[in-house]
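Next come the chains, spelled out residue by residue.
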Amino acid sequence: MREYWTALASLMGALAFMQGLLHAVFPAELRAAVARLLGRLTRGFSPYCYFDVTETDGMSNNEIYDAVQLYLSSTAAPSSGARLSLTRPHNATSFTFGLAASDRVVDAFRGAAVTWEHVVAPRQSPGFSWRPLPDEKRRFTLRIRRGDRDKLLPAYLDHILASAQEIRRRSQDRLLYTNARGGAMDARGLPWDPVPFKHPSTFDTLAMDPERKESIKADLRDFADGSAFYERTGRAWKRGYLLYGPPGTGKSSMIAAMANFLGYDVYDLELTEVSSNAELRKLLMKTTSKSIIVIEDIDCSVDLTNRAALPPAPTKPRPSMDGTVDQDAAGAASGRSITLSGLLNFTDGLWSCCGSERIFVFTTNHIEKLDPALLRSGRMDMHVFMSYCSFPALKILLKNYLCFQGDADDDCGAEVMSGLEEWIDAAEITPADVSEVLIKNRRNGKRQAMEELLDTIKARAEKRRGDTAATRKDGGGEEEEEKRALGSPKEGKEQAAGKDSCGDGDGQDEETDAKKQL
């Protein structure tokens, strides 16, 4: 055993002597050249090719590095069994995982296997720099087979960038923007004020017929996945929704459900704060993609009613030297902040394509007051009527507020449900009114709350029937009085003519009474 350790020590000493001799005889430049030559020979016979993605690109951050880190942390890394680091970025709602130093993870794309390795090396002490650099140099090394290079690049990198953007958008809090500042710019040069958007409404809790909800969800899915379709057809990647119906039917809840379903930000545009069409275009240019632009109660915001129902303007705006009419001047002359033409260009003009994946949503209680130009396809593609509460929508509200499970809750009584189904259509009650009754009685138990709701619906339905009957009766009485009034002058004239022929002298009095009655 002693001889073994003696021989090993002699060998190590000989190797150290040879290394020192090589360093003394061969300069560092020659040794580096030999190492590069050996590396090229090795890579020439290797079936793999390698790509490095560094953390920084000069003095700026590398976008691809951040995208790869987020993509691997959310897709491949958690299921690989590798050693991971756990982080939670600022303004995010979920945790993310990161690869530890010198760890590897395997991914697949289009049937080809790829390997990512996270390499971390200490940074040499740099010289003077205006920007502080991290103490470590980090990079991701991608290893793929040579035969898969044309198939994976650049499609695989595009897939990573798109996935990382979607993961980043899904993990961050959605924002609700408003232009209540009157178009003034903030410190960042943006005319929108953001607040966190945490509305809990979803399509599962929305009081609407299930078939209509599924059709709206399918349309939203087709829109979100329709990038290739809109590019192939030459259309701007946008869509318009018009939500109309009585107050309290859930139009605002529908907008929140759409935002939560797609994961989009919401821009609540207040038209009364917009001073001109030019400012409206600037607001549109400052909105981001994957957003919902909302104009609520458009018939009450500014004067954009039906032009056919408006009286002719007393004065017309004078044309300019080139023969065109200034729409802003026309709007100012009529006392409006913006014009209908400016709003139409905002939703369907050239400026509407400045960005992609936007949804315009208009809400109104009186669709008949809107100009037909706002309602045509291309501006408002889908018209969604938010009707009164139906029986399927009522069951959704009972499930939301009372945890009512339908046939499973036999203690609530089948007669109560049959009564609700019988009277709900005749009552014409809004989901907001039903919710108010259920909120007031939610502590009294399911059965009592449902009975109270049934009494409210019955009372409303009977009141509506009584009002309808009274209206019909009043209408019939008015018609009879009109017929009587129209026939009485003729009778009075005939009587007056007969009496005059007899020489009574009372014809003038009879005719005067007939005129008074008329």
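Everything here concerns the structure above.
These figures come from a predicted structure and were not determined experimentally. (Residues numbered from 1 in each chain as written. Predicted model: local features only at pLDDT ≥ 70, side-chain atom pairs only at ≥ 80, totals over all residues. Heavy atoms only, no water.)

Some details on the pairing of strand S13 (residues 291–295)
Line of reasoning, step 1. Taken across its five residues, S13 has five buried, putting it largely inside the fold.
Line of reasoning, step 2. Going residue by residue along S13, you find Ser291, Ile293 and Ile295 tucked away on one face and Ile292 and Val294 tucked away on the opposite face as well.
Line of reasoning, step 3. For strand S12 (residues 265–268) and S13, the ladder comprises four bridges, and the chain directions are parallel. Bridging across to S13, Asp268 finds its partner in Val294.
Line of reasoning, step 4. Viewed along the sheet, the connection from S12 through helix H9 (residues 277–285) into S13 turns out right-handed.
Line of reasoning, step 5. Where S13 lies against strand S14 (residues 358–364), five bridges are found, and the strand directions are parallel. Along S14, the bridge assignment pairs Ile295 with Phe362. (Buried < 20%, exposed > 50% of the residue type's maximum accessible area, 1.4 Å probe, protein only. Helix = DSSP H or I, 4+ residues; strand = E, 2+ residues; numbered from the N terminus. Pairing = 2+ DSSP bridges. Right-handed = clockwise from strand over helix to strand, strands pointing away.)

Examining the nonpolar core
Line of reasoning, step 1. The biggest cluster of nonpolar side chains holds 27 residues, and the ones touching the most others in it are Tyr241, Met254, Met258, Ile359 and Val361.
Line of reasoning, step 2. For this core, the secondary-structure elements that each account for two or more residues are helix H6 (210–224), strand S11 (238–244), helix H8 (251–262), S13, S14 and strand S15 (382–385).
Line of reasoning, step 3. At seven residues, H8 tops the list of elements feeding residues into this core. (Core = buried A, V, L, I, M, F, W, Y, C linked by side-chain atoms within 4.5 Å.)

Section: the pattern of salt bridges
Line of reasoning, step 1. A full pass over the atoms with the stated rule returns 14 salt bridges.
Line of reasoning, step 2. For Lys217, the salt bridge goes to Glu214, with nearest N and O atoms at 3.7 Å. Here Lys217 and its partner Glu214 are both found in helix H6, three residues apart, which amounts to about one turn of the helix.
Line of reasoning, step 3. Look at Lys217 and you get buried, because its relative accessible area is 12%.
Line of reasoning, step 4. Assessed through its relative accessible area of 46%, Glu214 is described here as partly exposed.
Line of reasoning, step 5. Across the pair Glu451 and Arg447 runs a salt bridge whose closest N-O atoms are separated by 3.2 Å. With Glu451 and Arg447 both in helix H17 (residues 446–502) and four residues apart, this pair spans about one turn of that helix.
Line of reasoning, step 6. Relative accessible area serves as the criterion here: at 33%, Arg447 is assigned to the partly exposed category.
Line of reasoning, step 7. A cluster of three or more residues bridged by salt bridges with shared partners is formed by Lys238, Asp348 and Arg376. (Salt bridge = Lys/Arg side-chain N within 4 Å of Asp/Glu carboxyl O.)

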